[in-house]
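# A structural walkthrough
If you want the building blocks of each chain, they are given just below.
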Amino acid sequence: MFRCRPPLPSFPPGALLVGGAARDWLRGVAPKDFDWATPDPAGAAAQLAQATGGAVFPLDEARGYWRVHTPDGVQHDFVPLPAEVASDLLRRDFTVNALALTSDRQVLDLAQGQKDLRAKRLRMVSAANLWDDPLRAWRAARFEVTLGFRLDSMTESVVREVAGALASSDLALPASERVRDELHALLAHPNAARGIGRLEDLGLLSLTVPELREGRGLEQGGFHHLDVFDHGVEALHQLLARRPEAELPLRWAALLHDVGKPRTRATDPDTGRTTFYGHDRQGAELTNGILTRLKLPGEDVRRAAALVGAHMVPLPSTEREARRFVHWRRELLPDLLSLMLADREAARGPMSSPASRRAYAQGMDRVLAALEEQPAPPPPLLTGQEVMVLLGAGPGPRVGRPCVPWPKPQPWERYALPRKRGTLWRPGTRTRRDIPVGGSRYAAAR
């Protein structure tokens, strides 16, 4: 752990390598990001960008914070070297992050962080540091997963106290964007499911996704052997076991796919069975609200909600049904299949059997075969730039209207040619769209 260490880039004059980069180097892990404290941040950033062909830009020019993205995807941050290095290190969250490295590979370790590295222990520098920035409570859970360390008892006790103060509003919650970034760093890890369980154990999940906790203790029966909450966590685990490269919207969908069950729970008056009719639609609405609250990009919110809303769609039993399945849900594939498989594999209740899982796998095989047979639709005949040139217009809604796809015909509809040459009209509508007869499926909408 402490013998085989990766190479480091050249140090800027008088600089220290601090924080997580120093920690990872001491662990024998190549740092993904570098934090430099240097007497001349702007000059050091410009020099690195010139040497590597990277991009340099200020994070906070007034305070002297600069960042460089190198072509190999590594990020370097530059900040002014503090007048009191020791004081700066002792203000950090955990001892394993309160480390600094000099250009001659000397380690500045005022909080015995190297000892904790060897013990794989996550220990706070001080309780005051955790109270000063409550986000560090989430960071503790994240580091347990991403570093494979364990909180020491005193640090865990303070994390729980901070969570309690946040829950009672005695302490202000961190900004949603900061919490989101910690969650995403956790969800990006192969052991993300364990991290979600740890957030719950520390009292942090109720401050983050309280809707998810509504499933605790809610038994399902049938195909399920776990309550709703644990089933969602297990589905995330099953997803990452099969799709370790899954993108964040799919990871969120796996975790939240049954989040609508607690609010749709009912009892069938005839059979006495518990039902969750409509939990897919309710879950999609809740997913949209949760991820919007956490300030995820709109496209990610929409995709995760769409996956949750579609996870109960029956798999096809024939090749013809498989082709329809692909036609109507192509935009969600293959992620939807991955979600459905994770859902099924996370269920080992009395109704689950090798035969039922085999039938499920056969339905998925039909969809995959149909997906290979049906290529994706061609791109639009005109790009937005080309439309702007043709119309002599700038960006705006007007540009998108000429490229609206012609509506899919319904089985009972037929297209007919009206008397006016060069137009196409569909019975049952009050509008007429002018396109060349026999021409493109992309209509010029007025």
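Residues numbered from 1 in each chain as written. Predicted model: local features only at pLDDT ≥ 70, side-chain atom pairs only at ≥ 80, totals over all residues. Heavy atoms only, no water.

## With respect to the overall build of the protein
What counts here: The numbering of helices and of strands both runs from the N terminus, where a helix is a DSSP run of H or I of at least 4 residues and a strand a run of E of at least 2. Here the term buried applies to any residue with accessible area under 20% of the maximum for its type, exposed to any over 50%, and partly exposed to those in between, with areas from a 1.4 Å probe on protein chains only. Here, two residues are considered to be in contact whenever any of their heavy atoms come within 4.5 Å of each other. In short, Shrake-Rupley with a 1.4 Å probe defines the accessible areas, and a residue's cover is counted only from the protein chains shown.
A count of helices and strands for the protein gives 20 helices and 11 strands. Looking at the protein as a whole, 44% of its 446 residues are labelled buried. Here the contacts in the protein between residues at least 6 apart in sequence split such that 60% fall between residues at least 24 apart. Only carbon and sulfur atoms are counted for the fraction: they give 53% of the accessible area of the protein, which is about 23,500 Å².

## Topic: the packing of helix α17 (residues 335–345) against helix α18 (residues 354–373)
Rules: Interaxial angle, 0 to 180 degrees, is taken between N-to-C directions of lines fitted to C-alpha atoms, where a helix line uses only the stretch in contact. We call two directions roughly parallel when the angle between them is under 35 degrees, roughly antiparallel when it is over 145, roughly perpendicular when it lies between 65 and 115, and oblique otherwise. Ten residue types, Ala, Val, Leu, Ile, Met, Phe, Trp, Tyr, Cys and Pro, are classed as nonpolar, four, Asp, Glu, Lys and Arg, as charged, and the remainder, Gly among them, as polar.
Where α17 meets α18, the axes come as close as 11 Å, and the angle between the chain directions of the two elements is 175°. Taken together, the axis directions place α17 and α18 in an arrangement best described as roughly antiparallel. Across the interface between the two elements, L337, M340, L341, R344 and E345 of α17 pack against S356, R357, Y360, M364, V367 and L368 of α18. Residue classes in the contact of α17 with α18 are distributed as 7 nonpolar, 1 polar and 3 charged.

## What to know about a nonpolar patch on the surface
The condition that has to hold: For patches, a residue must show more than 30% relative accessible area and have no salt bridge; joins then use 9 Å for like charges and 5 Å for nonpolar side chains, namely Val, Leu, Ile, Met, Phe, Trp and Tyr. We define a salt bridge as a contact between a side-chain nitrogen of Lys or Arg and a carboxyl oxygen of Asp or Glu at a distance within 4 Å.
There is a patch of nonpolar side chains on the surface, built from L381, L382, L390 and L391 and spanning about 390 Å² of accessible area. In this fold, L381 is placed in the loop between α18 and α19 (384–391).

## Quick word on the packing of helix α8 (residues 176–187) against helix α12 (residues 248–256)
As a packed pair, α8 and α12 sit with axes 11 Å apart at the nearest point and diverge in direction by 90°. In terms of orientation, α8 and α12 fall into the roughly perpendicular class. The residues of α12 that touch α8, namely those facing L183, H184 and L187, are L248, R251 and W252. Each residue belonging to the contact of α8 with α12 can be placed in one class, and the counts come to 4 nonpolar, 1 polar and 1 charged.

## Looking at the packing of aromatic side chains
Just so we agree on the cut-off: Two rings from Phe, Tyr or Trp (for Trp, the six-membered ring) form a pair when their centres are within 6.5 Å of each other. A pair whose planes differ by under 30 degrees is stacked, one over 60 is edge-to-face, and the rest are tilted. Criterion for a charge above a ring: Arg CZ or Lys NZ at most 6 Å from the ring centre, at most 35 degrees from the ring normal.
The tally for this structure, following the rule as stated, stands at 3 aromatic pairs. Between the aromatic rings of F34 and W36, the centroid separation amounts to 6.0 Å while the plane-to-plane angle is 10°, which identifies the pairing as stacked. In this structure, F34 and W36 share a single accessibility class: buried. Centroid distance F94 to F143: 6.1 Å. Interplanar angle 85°. Geometry classified as edge-to-face. Here the residue F94 occupies a position in the loop between α3 (85–89) and β6 (99–101), and F143 occupies one in helix α6 (residues 135–147), the gap between them amounting to 49 residues. Judged by relative accessible area, which is 5%, F143 ranks as buried. A network of ring pairs unites the aromatic residues F11, F34 and W36 as a single cluster. The cationic tip of K261 hangs over the ring face of F276; the distance from NZ or CZ to the ring centre is 5.1 Å.

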